[in-house]
Structure formats: C-alpha cells, structure tokens
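Now for the letters of each chain:
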Number of protein chains: 2
Amino acid sequence: MVTLREVAERAGVSIKTVSRIVNGDPAVNAKTRIAVQHHLESLNYVPNHAARMMRGGSSSVFGFMTDAVATTPYSVDIVRGAQAALNEKNQTLLIANTDGDEKLEKEYWRMFRAHRVAGVIYASMFHRPHIVGQPDFKDPIVLANCFAALGDKPSLIPDDEGGGYAQAEYLLKLGHRRIGVLTLIPDIVATTLRGAGIRQAFRDAGLSFDESLEQRGMDGPVHFERMIAFDAAVKMLSAKDRPSAIICGNDQVALQVYSAAAHLDLHIPRDLSVIGFDDQKVISENLRPSLTTVALPYFEIGRQAVETMREAKQNDANWAPKILVPCPVVERESCCAIS
Amino acid sequence: MVTLREVAERAGVSIKTVSRIVNGDPAVNAKTRIAVQHHLESLNYVPNHAARMMRGGSSSVFGFMTDAVATTPYSVDIVRGAQAALNEKNQTLLIANTDGDEKLEKEYWRMFRAHRVAGVIYASMFHRPHIVGQPDFKDPIVLANCFAALGDKPSLIPDDEGGGYAQAEYLLKLGHRRIGVLTLIPDIVATTLRGAGIRQAFRDAGLSFDESLEQRGMDGPVHFERMIAFDAAVKMLSAKDRPSAIICGNDQVALQVYSAAAHLDLHIPRDLSVIGFDDQKVISENLRPSLTTVALPYFEIGRQAVETMREAKQNDANWAPKILVPCPVVERESCCAIS
DNA sequence: GGGGTAAGTGACAACGTTGTCAATGACAGG
DNA sequence: CCTGTCATTGACAACGTTGTCACTTACCCC
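These numbers were taken from a predicted model, which means no experiment stands behind them.

Novice: Just checking my understanding: could you explain the domain arrangement of chain A for this structure?
Specialist: By convention, interface size is frequently given as the accessible area that disappears when the constituent parts associate. Its domain assignment divides chain A into domain 1 (4-47), domain 2 (61-159 + 298-325) and domain 3 (160-296). Of note, the centres of domain 1 of chain A and domain 2 of chain A, computed from C-alpha atoms alone, are 38 Å apart.

Novice: Help me understand the protein's contact with DNA strand D in this model?
Specialist: Near DNA strand D lie 24 residues; those nearest to it are Leu4(A), Ala51(A), Ser14(B), Thr17(B) and Asn29(B). When residues of the surface near DNA strand D are traced back to their parent elements, those giving at least two are α2 (15-22) and α4 (49-54) of chain A together with α2 (15-22) of chain B. Classifying every residue of the surface near DNA strand D by side-chain character gives ten nonpolar, nine polar and five charged.

Novice: Would you mind showing me how to read the interface of chain B and chain A here?
Specialist: The interface is formed by 43 residues belonging to chain B together with 43 residues belonging to chain A. Sorting the residues of the side of chain B that touches chain A by element identifies α4 (49-54), α5 (76-87), β2 (92-97), α6 (102-114), α10 (251-263) and α11 (281-284) of chain B as the ones contributing at least two each. Across three bridges, the pairing between strand β2 (residues 92-97) of chain A and β2(B) is antiparallel. Across the sheet, residue Ile95(A) finds its bridge partner in β2(B), namely Leu93(B).

Novice: Sorry, what's going on with the relation of the copies chain B and chain A here?
Specialist: Note: a rotation about an axis with an accompanying shift along it relates these two copies of the chain. Least-squares fitting of chain B to chain A yields an RMSD of 0.1 Å, with the transformation described by 0.1 Å of translation along the axis and a rotation of 180°. Given the turn and translation reported, the copies of this chain are related as if by a two-fold rotation axis. Both copies share a contact surface, since 100% of the interface residues of chain B are interface residues in chain A too.

Novice: What is the right way to read unusual backbone geometry from this model?
Specialist: Residues Arg288(A) and Pro289(A) are joined by a peptide bond in cis, for which omega reads -5°. With respect to the element layout, Pro289(A) can be found in the loop between α11 (281-284) and β12 (292-295). For Asn145(A), which is not glycine, the phi dihedral falls at a positive 70°. Here Asn145(A) lies in strand β4 (residues 141-148). Look at Asn145(A) and you get buried, because 29 C-beta atoms sit within 10 Å. Within the chain, Asp99(B) stands out as a residue other than glycine whose phi angle is a positive 50°. Taking the C-beta count within 10 Å as the criterion, Asp99(B) has 16 such neighbours and is therefore assigned partly exposed.

Novice: Teacher, can you tell me more about the sheet that holds β12(A) here?
Specialist: Sheet strands pair via backbone hydrogen bonds, and the direction of the pair is either parallel or antiparallel. All names here are of chain A. Taken together, the six strands give an open sheet; going across it, the order is β7-β6-β10-β11-β12-β14, and neighbouring strands pair in mixed fashion. Both edges of this open sheet fall to β7 (214-216) and β14 (329-330), since each of them pairs with a single strand only. Of the strand pairs in this sheet, strand β6 (residues 179-183) and β7 are connected by three bridges, and their pairing is parallel. By the bridge assignment for β7, Thr183 is matched with Arg216. Across the face of the sheet, helix α9 (residues 229-238) comes into contact with β6, β7 and β10 (245-248) while running at roughly 160° to β6. Of the strands in this sheet, β6, β10, β11 (273-278) and β12 touch helix α10 (residues 251-263), which is tilted by about 155° from β11.

Novice: What is the right way to read the protein's contact with DNA strand C from this model?
Specialist: Every one of the 24 residues lining DNA strand C counts as a neighbour, but Ser14(A), Thr17(A), Asn29(A), Leu4(B) and Ala51(B) are closest to it. Among the elements of the structure, α2 of chain A together with α2 and α4 of chain B are those that each provide at least two residues to the surface near DNA strand C. The greatest single-element share of the surface near DNA strand C, amounting to four residues, is contributed by α2(B).

Novice: What is the right way to look at the environment of Glu214(A) in this model?
Specialist: Residue and element names in this part refer to chain A. Here Glu214 lies in strand β7. Residues Glu214 and Tyr74, 140 residues apart in the sequence, show an inter-C-alpha distance of 27 Å. Setting aside anything within four residues of it in sequence, one finds Glu214 in contact with Val181 and Thr183.

Novice: Is there a simple way to explain the pairing of strand β3 (residues 120-130) of chain B in this structure?
Specialist: Looking along a regular strand, one sees the side chains alternate between the two faces of the sheet. Residues and elements named next belong to chain B. Relative to β3, strand β1 (residues 61-66) is paired through four bridges, and the arrangement is parallel. Considered in β3, the bridge of Thr66 is made with Ala123. Relative to strand β4 (residues 141-148), β3 runs parallel, the two sharing seven bridges. When the bridges of β4 are listed, Arg128 appears paired with Cys146.

Novice: Can you help me understand the nonpolar core in this one?
Specialist: Side chains that are nonpolar tend, in soluble globular proteins, to be buried together. Grouped together as the largest cluster of nonpolar side chains are 173 residues, with contacts concentrated most on Val257(A) and Val257(B). In this structure Val257(A) touches Leu182(A), Ala229(A), Ala233(A), Ile246(A), Cys248(A) and Val274(A), once residues within four positions along its chain are discounted.

Novice: Where do I start with the sheet that holds strand β11 (residues 273-278) of chain B in this structure?
Specialist: Residues and elements named next belong to chain B. The mixed open sheet is built from six strands, whose spatial order is β7-β6-β10-β11-β12-β14. Lying at the two open borders of the sheet, with one neighbouring strand each, are β7 (214-216) and β14 (329-330). Strands β6 (179-183), β7 and β10 (245-248) of the sheet are contacted by helix α9 (residues 229-238), whose axis makes an angle of about 160° with β6.

Novice: Sorry if this is basic, but what is going on with helix α3 (residues 30-42) of chain B here?
Specialist: Three or four residues apart is the spacing at which side chains of an α-helix point the same way, because the helix has 3.6 residues per turn. Between its terminal C-alpha atoms α3(B) stretches 19 Å, which fits the 18 Å expected from 13 residues at 1.5 Å a residue. After α3(B) finishes, the residue Asn44(B) shows a positive phi value of roughly 55°.

Novice: Sorry, what's going on with the pairing of β6(B) here?
Specialist: Residues and elements named next belong to chain B. Across the five residues that make up β6, a large majority, five, are buried. Across the two faces of β6 the burial is the same, with Ile179, Val181 and Thr183 and Gly180 and Leu182 all buried. Pairing between β6 and β10: four bridges, direction parallel. Note that in β10 the partner of Leu182 across the bridge is Cys248. Each parallel crossover has a hand, and the one from β6 via helix α8 (residues 189-204) to β7 is right-handed.

Novice: Even after reading the chapter, I still don't get the packing of α9(B) against α10(B), so can you show me in this structure?
Specialist: Two quantities define a packed helix pair, namely the angle between the helix axes and the distance between the axes. Residue and element names in this part refer to chain B. Taken N-terminus to C-terminus, the directions of α9 and α10 make an angle of 45°; their axes are 8 Å apart at the nearest point. Taken together, the axes of α9 and α10 are oblique relative to one another. As α9 runs across α10, the sense of the crossing is right-handed. Contact with α9, carried on its side by Ala229, Phe230, Ala233, Val234 and Leu237, involves Val253, Gln256, Val257, Ser259, Ala260, Ala261 and His263 of α10 and no other residues of that element. In terms of residue class, the contact of α9 with α10 is built from nine nonpolar, three polar and no charged.

Novice: What's the story with the packing of helix α1 (residues 4-11) of chain B against α2(B) in this structure? I'm lost.
Specialist: All names here are of chain B. One way to put it is that α1 packs onto α2 with a least axis distance of 8 Å and a crossing angle of 110°. The orientation of α1 relative to α2 falls into the category roughly perpendicular. In this structure, α1 contributes Leu4, Arg5, Val7, Ala8 and Ala11 to the contact, and α2 contributes Ile15, Val18 and Ser19.

What counts, and where the lines are drawn
- Residues numbered from 1 in each chain as written.
- Chains lettered and ligands numbered in written order.
- Predicted model: local features only at pLDDT ≥ 70, side-chain atom pairs only at ≥ 80, totals over all residues.
- Domains from an automatic or database assignment.
- Near = placed C-beta within 6 Å.
- Helix = DSSP H or I, 4+ residues; strand = E, 2+ residues; numbered from the N terminus.
- Nonpolar A, V, L, I, M, F, W, Y, C, P; charged D, E, K, R; others polar.
- Contact = placed C-beta atoms within 7 Å.
- Pairing = 2+ DSSP bridges.
- Least-squares fit on C-alpha atoms with pLDDT ≥ 70 in both.
- Buried ≥ 20, exposed ≤ 12 C-beta atoms within 10 Å, placed from the backbone.
- Axes fitted to C-alpha atoms, helices over the stretch in contact; angles between N-to-C directions.
- Core = buried A, V, L, I, M, F, W, Y, C linked by C-beta atoms within 7 Å.
- Expected span 1.5 Å × (residues − 1).
- Right-handed = clockwise from strand over helix to strand, strands pointing away.
- Parallel < 35°, antiparallel > 145°, perpendicular 65-115°, else oblique.
- Left-handed = near helix turned anticlockwise from the far one by under 90°.

Written out as structure tokens, the structure is:
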C-alpha cells in the first residue's frame with residue numbers, strides 16, 4: 001500500500017507536507033499542492049485508517065449491534081437509515097448480529113472495544129425494553145427500536161400508540177363502527193401500546209370500543225409465536241354481526257385475513273376493509289387489492305439513531321431522551337368507506 | 001483505554017511479556033502468566049486493533065459491499081451467513097450499502113482500502129453478472145449472488161436452473177401435466193435459467209412443455225418492475241383448459257396467484273397447485289394454505305462466500321470458480337397430487 | 001537597515017503493538 | 001570449574017500518521 005512517505009519521496013517534499021495536503025490544510029503553497037496532488041492521484045494514495053486512529057484521533061467507525069434482523073426482514077432498513085446518515089461524514093458501520101446469543105454479544109462488545117468504535121447503535125428486531133450492561137463503555141450507546149429498561153440511554157422507538165390510533169381513526173373516518181382487532185401476542189410492548197391507541201381513537205370519536213371484537217392473531221411466547229389469525233378471522237367473520245373492518249397487528253396477520261376472507265367469499269374491500277401494520281412491502285404491495293397499512297419507520301429510526309448519537313457526544317452521559325418516531329398510514333386499496 | 005504499558009506497570013513486568021501473554025505465547029513462566037492475567041482481567045484490557053494492524057499484520061476485518069439488500073429483504077441472510085462463518089475466527093464485517101449509486105460505491109472502495117480490509121464480498125440483490133472494476137485491489141474479492149462478467153473472480157450463485165428443474169419435477173411427480181409458468185421479467189439471468197430447468201424437467205420426464213402456458217408475472221425494466229401476475233393468472237385460470245398447477249417466478253407472484261384463485265373461487269390446493277420461488281418466509285409461512293416453494297440459499301451463499309475468500313487467499317489471483325449453491329424445495333401445503 | 005510578521009516547510013516525537021535480538025540466570029555434562 | 005543449552009525476560013525499532021515546534025525566506029513598516 002502506498003504511504004505518505006512514498007508520495008513525499010516522489011514529489012520531493014516532506015512527509016508532513018503531503019499529510020497537510022491530504023487533510024486540506026490551507027497552509028500549503030498552491031504550486032506545491034498541485035504538484036503533490038498529482039502524485040497522490042497517480043499512486044492512488046489512501047490514508048491508513050489504523051495509523052490515523054493510533055494518533056489518538058477517534059475512530060470513524062460505529063458499531064451496530066442487533067439481536068436478529070432476520071425475523072422482521074424490513075428492519076434492515078434501520079441499517080440503511082443509519083448508513084445514509086453516516087455516509088455524509090464518511091463514517092462506517094461495523095455490524096454485529098448476535099441472533100440473541102449472549103455469549104456472542106459479549107464477544108462483539110469486545111470487538112467493538114478493540115476497534116475503538118466511536119459509538120454503538122443497539123437495535124432490536126421488535127419494540128422492547130433492553131438493559132445495556134456495558135457500564136464501562138465510555139462512548140455513546142443509542143438504542144434503536146428498543147428502549148433502555150433503566151432509562152439510562154437515549155432511544156428511538158416507533159410510536160406504536162400513535163400507529164394504533166391512526167389505524168382506528170382511519171377506519172372510523174371511513175364510517176366503520178364495528179371494527180375487529182387481531183392483535184400480536186399479548187406480552188410485547190407494541191400490543192399494549194397499539195391497543196391503547198385504538199381505544200383512544202374510539203374515545204376521541206365519542207364511541208365505545210367493543211372489547212369482544214379484539215382477538216389474538218398470534219399466540220405463544222416471544223420468539224415462538226404461532227399464527228392463528230386465519231382461524232380467528234374466520235370465526236370473527238362468520239359471526240352474525242361480523243365487523244365491517246379489521247385492524248391487524250401486522251401485515252402477516254392481514255395476509256391471513258385476506259385468506260380467511262377468500263375462504264368465506266368475502267370481497268375486500270367491498271365486504272371487508274383491512275388495515276395492516278408494519279408496511280412489509282413484499283406483502284402490502286403485492287396483495288390484491290394492495291394493503292392499506294401503517295408503516296414502521298425503520299429507515300427513519302436508523303437515521304435518527306445516528307443523529308442522536310452525535311448529539312449524545314455533546315451532552316453528558318445522563319442524557320437519555322426516549323424519542324418517538326411517527327408511524328404514518330400508507331393508503332392503498334384494502335379499505336373503503338361504508339354508507 | 002487500557003494499554004499494554006499500564007498492565008505491565010501494574011504487574012511489574014515488561015510490555016513485551018504482557019504482549020506475549022495476551023497472544024498466548026508459551027514462552028512465559030507459569031507464575032508470571034497467572035499474575036499478569038489477573039491484571040489483564042481486572043483492568044479489562046482489550047488489544048487495540050489499529051495498533052496491531054499497523055505492525056503489518058493483516059486486518060481481521062472484511063468488507064461487504066451490496067447494491068441494495070432492501071428490495072429482496074431476505075438477502076440479508078447473506079450477511080448473516082457471512083458473519084456466522086467469520087465469527088469462528090473473530091473476524092468482522094464492515095458493511096457498505098451502495099443502493100446502486102456508483103459514486104457511493106467508489107467511496108466505499110476507498111474506505112475499504114483505508115481500513116485495509118482483508119478481502120471483500122460483493123453481494124447483489126439479484127442473480128446477475130457484474131464487473132468488478134478494482135484492478136489494483138490486491139486482496140481477494142468474492143462475488144455473492146452475482147458472478148464476474150469477465151470470469152475473473154470467484155463467485156457464489158444460486159442454482160437457478162436446478163431450482164426451476166425442482167419446481168417442475170415436484171409438480172410432475174404429483175401427476176400434473178398442464179403446468180402454467182408465471183415468470184419474472186425476461187432480462188434477468190434467473191428467468192432464463194429457471195426456464196431452462198423447467199424445460200429440462202419436462203424432457204427428462206418424456207413430456208413436452210406447452211410454451212403457451214408460460215406468461216410473464218412481472219413486466220418492465222430491471223429496477224422498475226411492475227407486478228402483473230394477478231391479471232396474468234386470472235387470464236390463465238379463466239381459460240377452458242386451465243392449468244392444474246402454476247410455477248411462480250417468486251413468492252410475490254405466488255401471492256398474486258392466491259389472490260387470483262380467490263377471485264375465481266378456485267381452492268388451493270384442491271383446484272390449483274402453486275409453487276413459489278425464494279422462500280420469503282413472511283409470505284410462504286403465512287399464506288393459507290402455506291406455500292410450497294423453492295428456497296434461495298442466501299445464508300449458505302454468505303457462509304460459503306467467506307470460505308471461498310479464505311481459499312482465494314491461498315490460491316493465485318486467477319483462481320475464479322463459479323460455485324452453484326443448490327435451491328431446495330420447501331414443502332408446505334399449496335400443492336397436491338392430481339388423479 | 002532593523003525588527004516584526006506571515007507563509008511555507010520540515011524534523012521529531014508519539015500513538016500501541018509485535019518482531020528481532022540480546023541479556024540474564026539456571027542447570028547439565030564433561 | 002568451564003562450556004553449552006535452555007527457559008525466561010526485556011530493550012529497541014518499526015509500522016503510518018499527525019501535533020508541536022522550529023526553521024527559512026519573503027515582505028512590510030517604521
């Protein structure tokens with residue numbers, strides 16, 4: 001690899017002068033600069049990041065730790081968002097995927113330390129509390145899609161309550177009154193928050209929410225969920241006073257509702273409006289009719305996580321805001337107004 | 001951060017002795033080793049990767065460049081597979097997402113050089129040829145999910161032809177004879193290969209393939225695809241001598257075939273068998289009935305890419321095998337035997 | 001002409017680590 | 001006791017870069 005010294009020798013100047021030019025130091029004669037720049041390019045010089053770092057400068061590399069991006073595929077967008085933000089300043093991500101393995105996570109923390117990363121984004125695959133057990137890690141840690149159980153770290157989380165509110169509000173505005181809800185498993189944060197949002201929307205509309213119309217669309221413990229939305233939807237839609245619309249816990253639940261509707265010869269959206277959550281485009285854009293849903297703002301969470309990390313560098317270690325990122329309705333074809 | 005020197009001072013030995021212990025050099029007295037190890041742990045010493053690298057040692061960091069993992073969400077599994085393989089040797093991935101932007105890609109190559117990465121995996125989101133324009137990059141480059149257009153780099157690609165063969169063979173074995181095909185857009189490699197595989201399966205079974213039953217499920221140029229599978233399927237299934245089974249270009253096409261079947265009151269699998277491609281679990285596992293499909297072996301491609309990179313280090317620069325990774329059938333509920 | 005300032009440049013040290021080589025002491029064999 | 005060998009340890013240089021400081025030259029102002 002080409003070093004400063006090689007370039008300096010060719011150009012007949014000192015190493016330091018070349019260094020200055022590489023770093024855009026204005027205290028260099030224009031003529032020298034041009035001459036050296038020519039050599040820099042022809043030799044394809046690229047500064048050695050390791051050497052730079054050793055000189056005490058902080059790393060331009062950030063760590064990205066995630067328990068498993070695989071299960072909810074679009075959460076990769078958190079990575080994309082983070083990279084988009086880092087890119088402006090030529091910073092990079094060192095990615096660690098723990099797949100939930102604690103021993104692996106420990107190793108990765110060690111690796112982050114070895115690389116002297118300038119900060120770490122800890123992202124989880126679903127919205128949940130998390131304890132960051134790295135008391136002696138001095139650089140900022142920001143949580144994305146999860147929040148600090150102890151309230152000691154900044155975090156970025158989707159506004160699930162607002163999202164639930166938006167789902168219900170959207171259907172209520174279309175005139176629906178009997179609205180079914182097929183939830184995710186009960187013991188995750190999103191379920192509680194979205195449920196609260198839905199109920200708030202009913203209250204704000206001066207209506208009461210029929211609790212009997214809320215059923216589970218998934219069952220089982222975290223990480224071992226079973227889809228039961230098809231059966232739940234069939235049962236709900238076979239009832240005499242069936243709902244005219246269904247709010248789904250996610251787009252996969254909506255997919256099963258579509259199947260259930262087909263099974264019962266109900267036409268979407270004529271006979272049944274359906275609204276999803278997550279906006280997993282593989283599903284939402286390809287279903288016919290395409291699925292109106294509420295988007296999880298993964299890209300935005302990733303982007304803001306980086307910005308928050310930069311802010312955290314300025315603030316003291318106790319700065320720990322919990323930032324809600326809105327979940328907007330993405331309107332497609334699966335809902336229609338009721339007369 | 002704790003350095004060798006600090007540890008050495010506390011332990012009352014030289015820096016070099018501590019270094020030896022950290023690196024497992026056997027030429028250290030057992031008593032000294034134990035004493036120093038105690039200090040290493042209590043100070044939580046982690047070697048400085050940058051300093052290590054400067055001493056000429058090669059980096060334990062690999063670059064991962066991808067044009068866009070976002071569109072086909074499960075291709076993240078390439079990353080997971082690569083990490084699983086790297087993890088055994090405490091190596092890491094520096095991830096670069098170009099989103100197809102060439103200028104960005106250039107910057108990232110520069111960054112890889114700056115970090116002196118030990119090798120690069122170049123992954124694309126769909127199976128295609130690629131020209132790696134990095135003639136002066138001395139470390140190995142391995143292509144994943146794409147192959148070197150000039151045949152000058154090792155590459156790992158899904159066995160699309162085998163996958164197409166498997167789709168057709170599976171249905172033929174179930175007794176289907178009139179089999180519709182809804183392809184991806186024509187100008188990508190996968191379409192051609194899978195088509196060839198399907199035809200080969202027919203030949204091997206001593207049957208002729210009815211070309212009129214092959215229709216496009218998607219249209220438009222690369223990156224601007226439009227889904228037309230719903231309409232194509234409706235048309236195909238409305239015909240008098242409609243096929244008893246449909247081979248889909250991917251699971252999204254299959255999703256639309258499900259919608260088309262529902263639209264026409266055809267029951268899957270009783271009236272129509274459907275087989276997908278990709279195994280996008282969000283779709284395949286959640287459709288009712290669940291979707292029999294052929295899996296794209298992304299995880300395996302990532303894993304083998306790392307192994308291939310390690311081999312490439314041993315071999316000379318001209319070593320450039322094109323390795324096919326098989327695409328296995330994942331049997332679920334969407335196909336049944338025909339009498 | 002003398003003194004001061006500014007622009008431009010380079011010598012040198014330091015960052016944390018490891019390879020090379022030399023020094024020390026213990027111990028065995030003659 | 002002398003010589004050689006082995007185990008253990010440390011001093012030092014080097015990796016590529018940048019901050020500090022000093023040096024040279026040119027120029028301006030009194």
